[in-house]
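What follows is the residue order along each chain.
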Amino acid sequence: MRKHDGREVPGGTTAASRRAFLASAGGAVALVSGCSRPGESPAETAGARLDLQEFQPKSMLVVEEHLVPRARFPVIDAHTHVAHVFNRPGTPDSPLRGSPAEQFDQIVRWMDELNIELMVNFTSDAGERLERILSEVVNKYNGRFLTCVVPSFANLRESGYPARQAEEIARAKERGAAAIKIYKSFGLTLRENGKDGPLVKIDDPRFDPMWEEAGKLGMPVFIHTADPDAFFTPVDRFNERWEELANHPDWSFYGDQFPSKPELLAARNRVIERHPKTQFVCLHVANHPENLDEVSSWLDRYANMHCEIGARLGELGRQPRRARRFFEQHQDRILFGTDASPNGVSTPQQILIPEMYQCYFRFLETLDEYFDYAPAPVPPQGRWRIYGIGLPDDILKKVYHNNAARLLGLKAV
Ligand SMILES: [Zn+2]
């Protein structure tokens, strides 16, 4: 057994020092004030109130730990935002430092240590940004990164837009884009005239030529629709992600100005149904890991639907028996992904550092009990811990690598 804190980790710094960094850099929550006197720690005052943000209970369980520093099989991380390197410079105490090129070199060293063969980048566009990523990342690192094109939804109302959008996708493919990414604003906040006018519907027929073209070109569509169930319910004391929403108030989509979550998911599913030759990867466990029975029924219904697990360890790992069955049932349609963001200190569940990846490896490969789903002093998406599902080798290989490889036209391992 090894202790988590203070151990040496790849990259030269310790887990504890990175945690301290995350703790100091993460957003603070203003909560009920405690009633301790000056100089007195509320935590030491029996019977007193305690600020939720100060509550960091240590588990008293003595259970086996099987840390997994390196994935058992080569990994394709099908959901990353590595191109954030270009707009999030590292500060002197952040895990990634230096110029964009130096930061990418560091990321590649971590990939080698962690057994990550390839990362797919989602932070892009259909123009200059895409060009820069292709020339400075995809072409330079030879097989370690692929990128998506993010279609433009400007000029939606112009005649000829649908055909032009399909052409844009085809041109991006020619230039080297491997897949298409659709951001969550699509359906949720995108309006006819950009910020005003009626909301644009996900299954609007104007996008049919784009979905069809994606199928013809063999480009998978990575689509982010809606968000956790708790983001669509009132932000009150019953909300299980209250603390996270207090840290990120703009993540709440509760209210009349937003479509309901079932409406959004139903519109996405209609698109998937209407374009059976196009492969759709629905991010974040189709954004409904709270109800794996329902996601499972969609996967049964739509042969061209796939899902990816990024930033949802906290959901999967708190229902390990149902999650394990889900992976068994849909072993050919689940992709490994993390939503990794370089220097994403306000979202520790997806910060691109080795410890974030090691949480996933431990969940997928071991039967460990009650451990953190993110490298953070307080579980950032809800105050619970998770349990491993110990997948067998044949399923692990598919989830880590081969399912994504098949969709991206790469070799299996
Ligand atoms: Zn993402």
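Residues numbered from 1 in each chain as written. Predicted model: local features only at pLDDT ≥ 70, side-chain atom pairs only at ≥ 80, totals over all residues.

### Remarks on the overall build of the protein chain
Heads up, the rule is: Numbering goes from the N terminus for both helices and strands, where a helix is a DSSP run of H or I of at least four residues and a strand is a run of E of at least two. Residues are called buried when their C-beta atom has 20 or more other C-beta atoms within 10 Å, exposed when it has 12 or fewer, and partly exposed otherwise; all C-beta atoms are positioned from the backbone. By definition, residue pairs are in contact when their C-beta atoms, positioned from the backbone, come within 7 Å.
Helices and strands together make up the secondary structure of the protein chain, namely 14 helices and 10 strands. The buried share of the protein chain, reckoned over its 413 residues, is 42%. Contacts in the protein chain between residues at least 24 apart in sequence constitute 72% of all its contacts with a sequence separation of at least 6.

### What about the environment of Asn291?
Counting through the fold element by element, Asn291 comes out in the loop between helix 9 (283-286) and helix 10 (292-301). A tally of 14 C-beta atoms within 10 Å means that Asn291 is categorised as partly exposed.

### Describing the packing of helix 4 (residues 161-175) against helix 6 (residues 208-217)
The following threshold applies: Only the stretch in contact is used when fitting a helix axis, every axis being a line fitted to C-alpha atoms; angles between N-to-C directions are given from 0 to 180 degrees. Orientation labels follow simple angle bins: below 35 degrees gives roughly parallel, above 145 gives roughly antiparallel, 65 to 115 gives roughly perpendicular, and whatever is left gives oblique. Here is the rule for handedness: rotate from the far helix to the near one, and if that takes an anticlockwise turn smaller than a right angle the crossing is left-handed, while a clockwise turn gives right-handed. Each residue is assigned to one of three groups, with Ala, Val, Leu, Ile, Met, Phe, Trp, Tyr, Cys and Pro labelled nonpolar, Asp, Glu, Lys and Arg labelled charged, and all others, Gly among them, labelled polar.
Where helix 4 contacts helix 6, the two axes come as close as 8 Å, and the packing angle between them is 25°. Relative to helix 6, the element helix 4 lies roughly parallel. With respect to the hand of their crossing, helix 4 and helix 6 are arranged in right-handed fashion. Across the interface between the two elements, Pro162, Ala163, Gln165, Ala166, Ile169, Ala170 and Lys173 from helix 4 touch Pro209, Met210, Glu213, Ala214 and Leu217 from helix 6. Across the contact of helix 4 with helix 6, the residue classes tally to 9 nonpolar, 1 polar and 2 charged.

### Describing helix 6
Inclusion rule: Each C-beta atom gives one direction from the helix axis, and the arc is the one those directions make.
The complete set of buried residues in helix 6 reads Met210, Trp211, Glu213 and Ala214. Projected down its long axis, helix 6 shows its buried positions confined to an angular sector of 160°, all on one face. Along its buried surface, helix 6 packs onto helix 4, strand 4 (179-182), strand 7 (221-223) and helix 8 (261-274). Looking one or two residues beyond helix 6, the residue adopting positive phi is Gly218, at roughly 70°.

### Details of the confidence of the model for the protein chain
Put simply, the rule reads: pLDDT runs from 0 to 100 and stands for how confident the predictor is about each residue.
For the protein chain, per-residue confidence averages 90 on the pLDDT scale, and 89% of positions sit at 70 or higher. The low-confidence segment residues 1-36, where pLDDT is below 50, has 67 contacts with residues more than four positions distant or belonging to other chains.

### Some details on helix 12 (residues 320-329)
Every buried residue of helix 12 is listed here: Ala323, Phe326 and Phe327. Down the axis of helix 12, the buried side of the element spans an arc of 95°, and every buried residue falls inside it. Among the exposed residues of helix 12, those pointing more than 90 degrees away from its buried face are Arg321 and Glu328. Where helix 12 is buried, its residues touch helix 10, helix 11 (313-316), strand 10 (334-335) and helix 14 (393-408).

### Some remarks on the nonpolar core
Generally speaking, nonpolar side chains in soluble globular proteins are found buried as a group. Stated precisely, the cut-off is as follows: Take the buried Ala, Val, Leu, Ile, Met, Phe, Trp, Tyr and Cys residues, join any whose C-beta atoms are within 7 Å, and the set you get is a nonpolar core.
Within the largest apolar cluster, 96 residues are counted, with the highest numbers of intra-cluster contacts made by Cys148, Ile180, Val221, Phe222, Val281 and Phe336. With 7 residues, helix 13 (residues 354-365) is the largest single contributor of residues to this core. Beyond its immediate chain neighbours, meaning those up to four positions away, Ile180 contacts Cys148, Val149, Pro151, Ile169, Ala214, Met219, Val221 and Phe222.

### Brief notes about the sheet that holds strand 9 (residues 305-308)
Formally: A pair of strands counts as paired when DSSP detects no fewer than two bridges linking them.
As summarised here, the arrangement of the 8 strands in space is 1-2-3-4-7-8-9-10, forming an open sheet in which the pairing is parallel. Here the strands that pair on one side only, and so sit at the sheet edges, are strand 1 (75-80) and strand 10. The pairing of strand 8 (residues 280-282) with strand 9 spans 3 bridges and is parallel. Counted as the bridge partner of Cys282 is Cys307 from strand 9.

### Some points on the pairing of strand 2 (residues 116-121)
How we decide: Handedness is read with the strands pointing away from the viewer; a crossover is right-handed when the path from the first strand over the helix to the second is clockwise.
Most of strand 2 is tucked away, with 6 of its 6 residues classed as buried. With 4 bridges connecting them, strand 1 and strand 2 associate as parallel partners. By the bridge assignment, Thr80 is partnered in strand 2 with Asn121. After leaving strand 1, the chain enters helix 2 (residues 100-114) and then returns to the sheet as strand 2, a path that is right-handed. When strand 2 meets strand 3 (residues 145-149), the two strands line up parallel, connected through 3 bridges. From the neighbouring strand, Asn121 faces strand 3, where its bridge partner is Thr147.

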